[in-house]
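# Examining the three-dimensional arrangement
Each chain, letter by letter, is given below.
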Amino acid sequence: MTIAFRKVTVLGTGVLGSQIAFQTAFHGFDVTSYDIDDKAITAARTRFDELAKIYQGEVPGADTAATEAAAAGITLTTDLAASVADADLVIEAVPEVLSIKRDLYTKLGTLAPERTVFATNSSTLLPSDMAGFTGRADRFLALHFANHVWKFNTAEVMGTPDTDPDVFASVVAFASAIGMVPIEVHKEKAGYVLNSLLVPFLNAGMGLVAGGYAEPKAVDETWRIGTGAPMGPMQILDVVGLTTPYNILANGGPQEQKLAEWLKENYIDQGKLGLSTGEGFYRYTE
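What counts, and at which threshold
- Residues numbered from 1 in each chain as written.
- Predicted model: local features only at pLDDT ≥ 70, side-chain atom pairs only at ≥ 80, totals over all residues.
- Heavy atoms only, no water.
- UniProt positions renumbered as here; feature names shortened; annotations may be inferred.
- Helix = DSSP H or I, 4+ residues; strand = E, 2+ residues; numbered from the N terminus.
- Pairing = 2+ DSSP bridges.
- Axes fitted to C-alpha atoms, helices over the stretch in contact; angles between N-to-C directions.
- Buried < 20%, exposed > 50% of the residue type's maximum accessible area, 1.4 Å probe, protein only.
- Polar contact = N/O pair within 3.5 Å; in protein donor to acceptor, adjacent residues only side chain to side chain.
- Contact = heavy atoms within 4.5 Å.
- Core = buried A, V, L, I, M, F, W, Y, C linked by side-chain atoms within 4.5 Å.

## Description of the UniProt feature "domain: 3-hydroxyacyl-CoA dehydrogenase NAD binding" (unreviewed entry) in the protein
Cross-referencing UniProt, the feature "domain: 3-hydroxyacyl-CoA dehydrogenase NAD binding" (unreviewed entry) maps to residues 7–187 in the present numbering. Along residues 7–187, the helical share is 44% and the strand share 20%, with 28 Å between the first and last C-alpha atoms.

The structure is reproduced here in C-alpha cells:
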C-alpha cells in the first residue's frame, strides 16, 4: 500500500536543496526547509525568490502568483527537531560527506515520528552506508535529483535490501507528483545512473586542466563542437558548484584525492566556487 506524503521537509538549503524544496512547494506540498544557521536561511530565501523568477520564464504555467506563493509558503528554520516533528517525508540534501550524513541521521532517528520516511539526495554515496544510522532502515532510501530540477527533471529512486517495497513505490509516486520523471534503480550502485555517467566525464575534464593539457575554455569548446552538447564539463562544474565535486574527490582514491587538492588550492581556497559566487573556472561578474 502506497503512503501519501503531504508534509515534506528538505534538510539543506544549498543549490540543490533549495531547488528540491521549491519544486515540491510549487506542486502543492507543505514544505519546510532546514539549515544550520541564520546566514544559510537568509541565503535560502534569496534563492527561493530567484527560483520564482526562473520558473516564470522557463516553466509552462508558472505565473507570478503561483511562483511567489510557492516561495512564500516554504517554512524556513534552523530548528532541526521542529523541522521534522510532523514530517511525512524528509529529503536530506546536506554536504556529500558520509560522516555528516550519518551524524544527521542518528539525530533524525530520534526526532522524527516513526511513520516518517527518510530519503537521501546523495549523488554518489550508497544508501546502505547510512541506513543503519537512521533507526528505520525499512523506511529509508535514496531519491537523487539533478541540478536545475525544473528542466532536467529526473529523480533516481534507489533502495537498499532493507527498504520496504511499499516505501519505494510511494517515493516513486511522490516523484511523479512533483513533476519529476522517476528512474527506478533496481539495486545499489554508487553514482546511480546519472552520476555513473557524469562524474567520470567531469573528472576527465578537470584532469585535462589540472594536468596543464588545455584551458577550461578549450576543453569545453572541444566537447561542445564535437558532440553538439550545450555545455562542456567545466561549465557544468561551475553550475553544480565546486564544493560538491571536491567532497566527492576528497573521499575517493589517491588519484581522486590529488585532483581534490588541486581543486581546493586553485579554486575553493580562493573563493572560486562556481556560478553561485560569480567565479569558478569562468568569471561571471566584472
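## Brief notes about the sheet that holds strand 2 (residues 30–34)
Strand order in this open sheet of eight strands is 3-2-1-4-5-6-7-8, and the pairing throughout is mixed. Looking at the sheet topology across the chains shown, the edges are occupied by strand 3 (75–77) and strand 8 (181–185). Each strand of the sheet is rotated relative to its neighbour by a mean of 25 degrees, with strand direction disregarded. Sheet analysis places strand 1 (residues 7–11) next to strand 2, joined by five bridges and oriented parallel. Bridged to lysine 7 within strand 2 is aspartate 30.

## A look at the side chain of threonine 134
Examined against the element boundaries, threonine 134 turns out to sit in the loop between helix 6 (128–131) and strand 6 (140–145). Under the relative-accessibility criterion, threonine 134 is labelled buried at 0%. A polar side-chain atom of threonine 134 sits 2.8 Å from the main-chain carbonyl oxygen of alanine 131. Among the polar contacts made by the side chain of threonine 134, one reaches the main-chain amide nitrogen of arginine 136 at a distance of 3.1 Å. Residues within four places of threonine 134 in sequence aside, it is in contact with Tyr105, Gly109, Phe118 and Phe140.

## Some thoughts on the nonpolar core
In a soluble, globular protein the nonpolar side chains are often hidden away together inside. Counting 42 residues, the largest nonpolar core has Phe22, Phe48, Tyr55, Leu143, Phe145 and Phe174 as the members making the most contacts within it. Apart from the residues within four sequence positions on either side, leucine 143 is in contact with Ile91, Ala119, Thr120, Asn121, Ala155, Glu156, Val157, Val171, Phe174 and Ala175. In terms of nonpolar packing, the next biggest core, distinct from the first, is built from 18 residues, Phe201, Val209, Leu237 and Ala260 among them.

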